Amino acid sequence: MPIIKSKKVSIVMGSQSDFKTMKLCQKIFKILKIKFETKIISAHRTPERMYKYAKNAEKNNIAVIIAGAGGSAHLPGMISSLTSIPVLGVPIESKKLKGLDSLLSIVQMPKGIPVGTLAIGEDGAVNASLLAASIIATYDSNIKKKLNQWRLNQSKSIKKKPK
Ligand code: RP5
């Protein structure tokens with residue numbers, strides 16, 4: 001099997017408390033049979049872990065990084081500053097500002113270092129996974145088939161009339 005096909009998605013998050021949102025990414029990748037890893041990496045609590053992780057991401061065969069963070073959410077941007085692997089940011093719904101703080105911190109990256117920002121919370125986690133799958137589908141026809149089937153199933157599940 002060519003090496004390119006064995007690439008994985010890396011799901012990272014700033015805290016254990018983010019996992020209740022970010023575990024939805026795992027669910028999608030299991031359905032689509034995409035390889036993934038899951039880690040807690042905090043930009044401010046474990047900066048050295050973050051640096052080592054981002055610097056080794058290429059070597060570790062990571063195709064896409066999904067980074068979830070809440071509050072003053074600098075994790076996705078910091079990781080993106082250390083690697084050119086695409087980084088998708090999931091703003092975690094914070095207690096005090098309902099995730100608006102997380103959203104603005106992630107989406108407002110100054111030009112030069114991009115982060116693809118998704119919606120706040122669970123919708124963002126699911127869509128980040130589907131977007132990661134779309135990125136992988138550009139070079140892996142097997143994943144493309146699975147993703148298209150998933151979308152078709154979703155369409156079929158929408159009733160024509162409300163009850
Ligand atoms: C951020 O602080 C994390 O991403 C998390 O969303 C937020 C709160 O973390 P805990 O206080 O729950 O560990 O770094």
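Before reading on, note that the structure itself is shown above.
Residues numbered from 1 in each chain as written. Predicted model: local features only at pLDDT ≥ 70, side-chain atom pairs only at ≥ 80, totals over all residues. Heavy atoms only, no water.

Asker: Even after reading the chapter, I still don't get the overall build of the protein, so can you show me in this structure?
Answerer: Of the regular secondary structure elements, the protein holds six helices and five strands. Taken from N to C terminus, the helices and strands of the protein fall in the order β-α-β-α-β-α-β-α-β-α-α. Taken against the 2.2 N^0.38 rule, which gives 15 Å for 163 residues, the C-alpha radius of gyration of the protein at 16 Å falls within 12% of a compact globule. Overall, the protein is about 45 × 45 × 30 Å in size when its C-alpha atoms are taken along their principal axes. For the protein, buried positions account for 43% of its 163 residues. Taking contacts inside the protein between residues at least 6 apart in sequence as the whole, the part at least 24 apart equals 66%. Carbon and sulfur atoms provide 57% of the accessible area of the protein, an area that totals close to 9700 Å². Charge-centre separation for the protein: the mean point of 28 positive side chains lies 8 Å from the mean point of 9 negative side chains. (Helix = DSSP H or I, 4+ residues; strand = E, 2+ residues; numbered from the N terminus. Rg over C-alpha atoms; globule rule 2.2 N^0.38 Å. Buried < 20%, exposed > 50% of the residue type's maximum accessible area, 1.4 Å probe, protein only. Contact = heavy atoms within 4.5 Å. Areas by Shrake-Rupley, 256 points an atom, 1.4 Å probe, with all protein chains shown as cover. Lys, Arg positive; Asp, Glu negative; His and termini not counted. Charge placed at Lys NZ, Arg CZ, Asp CG, Glu CD.)

Asker: What is the right way to look at helix α6 (residues 141-156) in this model?
Answerer: Since there are 3.6 residues in each turn of an α-helix, residues three or four apart along the chain are aligned in direction. Along its 16 residues, α6 runs 22 Å from first to last C-alpha, staying within 8% of the 22 Å computed at 1.5 Å per residue. When α6 is considered as a whole, its buried residues turn out to be I143, L147 and W150. Along the axis of α6, the buried positions cluster into a sector of 55 degrees, meaning they face one direction only. Seen from the buried face of α6, the exposed residues on the opposite side, beyond 90 degrees, are K145 and K156. Buried positions along α6 lie against α1 (19-32) and α5 (122-137). Capping the start of α6 is the job of one residue whose side-chain oxygen sits 3.1 Å from the backbone nitrogen of N142: D140. (Expected span 1.5 Å × (residues − 1). Arc of directions from axis to C-beta. Polar contact = N/O pair within 3.5 Å; in protein donor to acceptor, adjacent residues only side chain to side chain.)

Asker: In this structure, what is going on with the nonpolar core? I would like to understand it.
Answerer: Most often, soluble globular proteins have nonpolar side chains that are buried together. M22, F29, L32, I34 and I66 are the most contacted members of the largest nonpolar core, which has 26 residues in total. Elements with a minimum of two residues in this core: β1 (8-13), α1, β3 (62-70), β4 (87-92), α5 and α6. With 19 residues, the next largest nonpolar core counts A54, A57, I62 and I106 among its residues. (Core = buried A, V, L, I, M, F, W, Y, C linked by side-chain atoms within 4.5 Å.)

Asker: I tried to follow the sheet that holds β1 on my own but got confused; where do I start?
Answerer: Ordered in space as β2-β1-β3-β4-β5, the five strands form an open sheet in which the pairing is parallel. Only two strands of the sheet have a single partner each, and these edge strands are β2 (36-40) and β5 (116-117). Of the pairings in the sheet, the one linking β1 to β2 comprises five bridges and is parallel in character. From the neighbouring strand, V9 faces β2, where its bridge partner is F36. Relative to the sheet, helix α4 (residues 100-107) contacts β3, β4 and β5, its axis offset from that of β4 by approximately 160 degrees. Against the sheet, α5 makes contact with β1, β3 and β4, and its axis sits at roughly 165 degrees relative to β3, the strand it touches most. (Pairing = 2+ DSSP bridges. Axes fitted to C-alpha atoms, helices over the stretch in contact; angles between N-to-C directions.)

Asker: Help me out: how do you make sense of the site of the ligand in this one?
Answerer: Within the structure, the ligand sits among G14, S15, S17, D18, H44, R45, A69 and G70. Residue S15 places a side-chain N or O atom 2.7 Å away from an oxygen atom belonging to the ligand. When the ligand sits alone it has 360 Å² of accessible area, and the protein chains cover 66% of it. Looking at the shell around the ligand residue by residue, the classes come out as one nonpolar, five polar and two charged. (Near = heavy atom within 4 Å. Nonpolar A, V, L, I, M, F, W, Y, C, P; charged D, E, K, R; others polar.)

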